[in-house]
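Architecture at a glance
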Amino acid sequence: MTSIRTRILLSYLAVLGVSMGIVLLFVWLTAPAAYARHLQNLQAVEETGTAHNPSEAGQGQGYGAQRGQAQYVGFRDGLYEVLGLSTLAATLAALALSILFSRRIISPLQNMMQASERIAAGHYEKRVKVGGRDELAQLADSFNRMAQTLDQTETMRRRLIGDVSHELRTPLTTIKGFAEGLMDGVLPASQETYAEIYKEADRLTRLVEDLQEVSRVEAQAYRLEIAPVELNALAETVAKRLRLALEEKNITFSVKLPASLPPLLGDEDRLIQILTNLAANACQHTPSGGNITLAARPENGSVHVSIQDTGEGIAPEHLPHIFDRFYRVDKSRSRQSGGSGIGLTIARHLVEAHGGRIWAESPGLGYGSTFHFTIPAA
Ligand code: ADP
């Protein structure tokens, strides 16, 4: 498809060409009739001239002038008639063609205007039809992409509000239940009751903190301080952070890195956050006496890091969803242990912000899981 500029130019030329053609056609069609009339008039003048005074001297001069005048008038009237008719026909044709051409340019714009009005009214599913490849089609294409982004943002916003209200409801209901029990005297005002209320409030606080973190990460409202980082040093920090949890469950945390591993190119704190999230999950989902192994290898300009555990594993139907916000495989158990289903969402955003990829593998329930991610190598 040609560009709009060429289309407008071509349409002007078409209007001009058709008008000229019509003028020529009309001249060709009407000129013989006009010429015949002109001849008739001339004959009439000649006849009256000779009938009056054919032999009178001095009359010849008057007759000549009369004949010349009649010839001029006939020619002029014939010209006016032919030009008048052909101009009228050409104007009508030019008008019809201009309306046709302008409609072809205006109608996509009108479509877009209507669609934008629908979108402004909150109907984000509205799209415009894209035809051809000219500037209008490109505009329609960008318009559709904008509408799609708005649609996705709106869906995400609705889902987030739904998820958050759902997540807040459970601890709030529990706290309310304890308070009612205390007020009605059904529950004893004991240390344990207060401890339960405290535990639920603590869970709420953690949930709110996680939400803040996920919204910051999703909105990319943080800066990455990118620098070369040794994975070995990161692994040590993570092992230190998780020492208590690992010791409690008697889980061994081994780090197996090749000597030639290049440093990672990333933000140290964020890389620690990713590794801690994955290792803490592995620790939580691995029974006592298990193993967690952190390994890495260079791969196409990146470093491929994996954290493997000998834990409970993940069923295939859950694997595609575990990085989704608030997704927990075992909701009630995970909630009991304080999990909000946000840790992996944050890890995924952070890895992707570094230009990497994250995914999980598991041979099935009871066979452990391996989490992989890539980060550019320095
Ligand atoms: P949570 O805070 O609930 O752990 P995550 O986003 O970190 O949320 O994890 C989502 C879900 O993925 C968890 O509920 C858990 O069921 C599953 N999961 C994560 N890591 C592992 C693992 N190493 N082994 C088995 N399941 C895991």
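A few points on the structure. This is a predicted model, so every value here is computed, not measured.

Some words on the packing of helix 5 (residues 231-241) against helix 7 (residues 268-284)
Two elements in contact, helix 5 and helix 7, have axes separated by 9 Å at closest approach and are oriented at 50 degrees. As far as their axial angle goes, helix 7 and helix 5 are oblique. Note on packing geometry: the crossing formed by helix 5 with helix 7 is right-handed. Taken together, the residues of helix 7 that come into contact with helix 5 (itself represented by Leu 231, Leu 234, Thr 237, Val 238 and Arg 241) are Glu 268, Leu 271, Ile 272, Leu 275, Thr 276 and Ala 279. Taken together, the residues that form the contact of helix 5 with helix 7 break down as seven nonpolar, two polar and two charged.

Observations concerning the sheet that holds strand 4 (residues 291-299)
Hydrogen bonds between backbone atoms are what pair the strands of a sheet, whose relative direction is either parallel or antiparallel. Taken together, the five strands give an open sheet; going across it, the order is 2-4-5-7-6, and neighbouring strands pair in mixed fashion. Across the chains shown, the open sheet's two edge strands, defined by having one partner strand only, are strand 2 (252-256) and strand 6 (358-361). If you compare each strand with its neighbour and ignore which way they point, the axes differ by 15 degrees on average. Across eight bridges, strand 4 lies against strand 5 (residues 302-309) in antiparallel orientation. By the bridge assignment, Ile 292 is partnered in strand 5 with Asp 309.

Considering the pattern of salt bridges
Per the counting criterion, the structure on display carries 16 salt bridges. Among the ionic pairs, Asp 134 bridges to Arg 7, the shortest N-O distance being 2.3 Å. With a gap of 127 residues between them, Asp 134 in the loop between helix 2 (59-120) and helix 3 (135-184) and Arg 7 in helix 1 (residues 4-52) connect regions that are remote in the sequence. Across the pair, Arg 7 and Asp 134 agree in class, each one buried. Of the charged contacts, one joins Arg 270 and Glu 213 as a salt bridge, the two residues approaching to 3.1 Å between their closest N and O atoms. Of the two residues, Arg 270 is situated in helix 7 and Glu 213 in helix 4 (residues 191-218); the sequence distance between them amounts to 57 residues. Side by side, Arg 270 and Glu 213 carry an identical accessibility label, which is buried. Counted as one network, the salt bridges with shared partners bring together Glu 154, Arg 157 and Arg 158.

Calculation rules
- Residues numbered from 1 in each chain as written.
- Predicted model: local features only at pLDDT ≥ 70, side-chain atom pairs only at ≥ 80, totals over all residues.
- Heavy atoms only, no water.
- Axes fitted to C-alpha atoms, helices over the stretch in contact; angles between N-to-C directions.
- Helix = DSSP H or I, 4+ residues; strand = E, 2+ residues; numbered from the N terminus.
- Parallel < 35°, antiparallel > 145°, perpendicular 65-115°, else oblique.
- Left-handed = near helix turned anticlockwise from the far one by under 90°.
- Contact = heavy atoms within 4.5 Å.
- Nonpolar A, V, L, I, M, F, W, Y, C, P; charged D, E, K, R; others polar.
- Pairing = 2+ DSSP bridges.
- Salt bridge = Lys/Arg side-chain N within 4 Å of Asp/Glu carboxyl O.
- Buried < 20%, exposed > 50% of the residue type's maximum accessible area, 1.4 Å probe, protein only.

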